[in-house]
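Reading the structure
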Amino acid sequence: MKIIYSICLVFTLSSILVTAQNQNNKIPKYYLHSLVDTSAHSSYNEYIKFWTDFLYEENDSIRKTYWLPSQIKRFGDDYSLFYNSLFQYPPKSLLNYYKPYILSIYFESDTCHIVTAFWNFNFRPNDTTSVQNSNPFAILEIGVLKKNNNLYLTNLFDKRVQNWEKVRYGKITYLINPSLTPNKLEMEDAKNFVDTMTNIFSTEIDSITYVVCKTPQSLGYLLGFNFFYAGFATGKTFINAKIIISGRGSFNYPHELTHIIVDPFLKPGHFLSEGIATFFGGSTNKTYKQLLKEFKNKYYPITKITFNEINEKPNSLDAYISSALIINTIYNRYGIGGLEELNSSPNEADKCLKHLSMTFNINEAQLFELMNSILNEVE
């Protein structure tokens, strides 16, 4: 078989890329690997078109119509588990840069599986780590179901965890990679943390699904990635679906548990959301107090200039800590009632400062003074 395959491969090298151009010879929206032979399997075409139309659609209300309704009901706005990892830029911008390259299509039971690489065909790899070596950006596998003559996209999450151990611990249901042993001490800590946070905020939560993976790669696999580079992460949280996925084998993730409990209740916007999660739950396996000590060594005293510099990178750890300092300040002065005033605050740090000034009748200079008084007490 290997010899036959090699001969066939050489014979087809000139046609590895089959472009999906329309009759007007516009720039192709996607490419087909020679393995995806639509001339021999014309039924593939409707599945390919359906999938690629979804990828290029920028209106989320329209995108939802492509998805299996039962999964929208289950996952809410997080219905497409891979989406935010892949699309960190608007769809058309990203797909102009990394073209969908459909590698294979196969049917399993009633599900059509489409495997797609996202590839920049202008890049040639070299022997250094560079942007030219970012191919593939991702390899993604999606399911497509046909029901009552309609097509629907579906996540492969349930299929990929079907043999995982399920353990209920308090309000948390763990799904555990078979290669891992449940850590009862961490599970108890997580249970107690959830109970504490729901008591602090006087809110209720019925159940949290906590998925424990051994590596970030296995985390990506559950999202649908066969190769996980786009949006690579050690943890992923879906607020609407109340799902946490740990890609580091941990059974307690206070930062993400805070997001699950508090974000739906307060809707505090990105900047303060990360501040609340860091203040109560820490980050990068460190408590808020540990992070604050490191932060003080770098930035004390904090000023408007340093604050702006820090928040030029809104997803950096230092930006999270700067926000946590603000949360600390409000919590010290106004308690939980003050945090509740942060409902629907702006996403951006600079706009948030103005919002806080109006809400609490405090100017920015006074706010920085209070933040520095907290840092001053850190030893």
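In the block above lies the structure referred to throughout.
Reading the values: rules and limits
Residues numbered from 1 in each chain as written. Predicted model: local features only at pLDDT ≥ 70, side-chain atom pairs only at ≥ 80, totals over all residues. Heavy atoms only, no water. Axes fitted to C-alpha atoms, helices over the stretch in contact; angles between N-to-C directions. Helix = DSSP H or I, 4+ residues; strand = E, 2+ residues; numbered from the N terminus. Parallel < 35°, antiparallel > 145°, perpendicular 65-115°, else oblique. Contact = heavy atoms within 4.5 Å. Nonpolar A, V, L, I, M, F, W, Y, C, P; charged D, E, K, R; others polar. 1 Å grid on protein atoms, 1.4 Å probe; cavity = no way out; pocket = protein on both sides within 12 Å on 5 of 7 lines; lining within 4 Å. Points joined across faces, edges and corners; volume = space filled by probe spheres on them. Polar contact = N/O pair within 3.5 Å; in protein donor to acceptor, adjacent residues only side chain to side chain. Core = buried A, V, L, I, M, F, W, Y, C linked by side-chain atoms within 4.5 Å. Buried < 20%, exposed > 50% of the residue type's maximum accessible area, 1.4 Å probe, protein only. Pairing = 2+ DSSP bridges.

Where helix 14 (residues 317–340) contacts helix 16 (residues 364–376), the axes come no closer than 9 Å and their chain directions differ by 95 degrees. With respect to helix 16, the element helix 14 is oriented roughly perpendicular. Of helix 16, the residues touching helix 14 (which contributes Ser322, Leu325, Ile326, Asn328, Thr329, Asn332 and Arg333) are Leu367, Leu370, Met371, Ile374 and Leu375. Classifying every residue of the contact of helix 14 with helix 16 gives 7 nonpolar, 4 polar and 1 charged.

In total, this model carries 1 cavity of 30 Å³ or more according to the counting rule given. Every residue along the wall of the largest cavity is listed here: Thr329, Ile330, Arg333, Tyr334, Leu356, Phe360, Ile362, Leu367 and Leu370. Residue assignment for the lining of the largest cavity shows that the elements contributing at least two residues are helix 14, helix 15 (349–360) and helix 16. When residues of the lining of the largest cavity are assigned to their parent elements, the largest contribution, 4 residues, is made by helix 14. Class assignment of the residues belonging to the lining of the largest cavity gives a composition of 7 nonpolar, 1 polar and 1 charged.

Each pocket or cavity is described by its volume, and for the largest pocket that value is around 1400 Å³. Lining the largest pocket are 42 residues, and of these Lys236, Thr237, His270, Glu274 and Tyr320 lie nearest its centre. Those elements that place two or more of their residues in the lining of the largest pocket are helix 3 (60–64), helix 5 (83–86), strand 11 (235–238), helix 10 (254–266), helix 11 (269–281) and helix 14. Ranked by the residues each element gives to the lining of the largest pocket, the list is headed by helix 10, at 5 residues. Considered as a void within the structure, the second largest pocket measures approximately 260 Å³ in volume. Taken together, 18 residues make up the lining of the second largest pocket; nearest its centre are Pro254, Gly281, Gly282, Lys286 and Thr287. Every element with two or more residues in the lining of the second largest pocket is listed here: helix 10, helix 11 and helix 12 (288–299). Tallying contributions element by element places helix 11 first for the lining of the second largest pocket, with 4 residues. A class-by-class count of the residues in the lining of the second largest pocket yields 6 nonpolar, 9 polar and 3 charged.

Moving on: the side chain of asparagine 372. Checked against the element boundaries, asparagine 372 lands in helix 16. Within polar-contact distance, the side chain of asparagine 372 engages the backbone nitrogen of isoleucine 302 at 2.7 Å. With residues up to four places along the chain from it excluded, the contact list for asparagine 372 reads Tyr300, Pro301 and Ile302.

For soluble globular proteins, nonpolar side chains are generally found buried alongside one another. In terms of nonpolar packing, the biggest core is built from 58 residues, with Tyr174 and Ile326 touching the most fellow members. Among the elements that take part in this core, helix 14 stands out by supplying 9 residues, more than any other. Beyond its immediate sequence surroundings of up to four residues, isoleucine 326 is in contact with Phe271, Leu272, Phe307, Leu353, Leu356 and Met371. Counting residues in each nonpolar core, the second largest holds 54 residues, with Tyr66, Tyr79, Leu175 and Phe225 among its members.

Mapped onto the secondary structure, threonine 198 falls in helix 8 (residues 184–200). A C-alpha to C-alpha distance of 17 Å links threonine 198 and glycine 282, two positions 84 residues apart in sequence. When near neighbours in sequence (up to four residues on either side) are disregarded, threonine 198 contacts Lys171, Thr203, Ile205 and Ile261.

With that settled, the discussion passes to the packing of helix 15 against helix 16. For the pair helix 15 and helix 16, the least separation of the axes is 10 Å and the interaxial angle reads 100 degrees. On the basis of their axis angle, the class for helix 15 and helix 16 is roughly perpendicular. For the pair formed by helix 15 and helix 16, the contact residues are Leu353, Lys354, Leu356 and Ser357 on the first element and Glu364, Leu367 and Phe368 on the second. When its residues are assigned to classes, the contact of helix 15 with helix 16 shows 4 nonpolar, 1 polar and 2 charged.

Residues Ile243 and Ile245 point to one face of strand 12 (residues 243–246) and Ile244 and Ser246 to the other, with burial holding for every one of them. Where strand 9 (residues 208–212) and strand 12 come together, 4 bridges link them in parallel fashion. The residue bridging tyrosine 210 from the neighbouring strand is isoleucine 244, located in strand 12. Bridging between strand 11 and strand 12 involves 4 bridges; their strand directions are antiparallel. Of the residues in strand 12, the one forming a bridge with glycine 235 is serine 246.

On to unusual backbone geometry, then. A cis amide bond, omega -10 degrees, links asparagine 135 with the succeeding residue proline 136. Each neighbour pair has its own omega, and for tyrosine 300 with proline 301 the value is -5 degrees, a cis peptide bond. You can see proline 301 is positioned in the loop between helix 12 and helix 13 (304–310). Look at asparagine 285: it is not a glycine, yet its phi comes out positive at around 65 degrees. Turning to its location among the elements, asparagine 285 is positioned in the loop between helix 11 and helix 12. Relative accessible area serves as the criterion here: at 64%, asparagine 285 is assigned to the exposed category. The backbone phi angle of asparagine 361 is positive, close to 55 degrees, even though this residue is not glycine.

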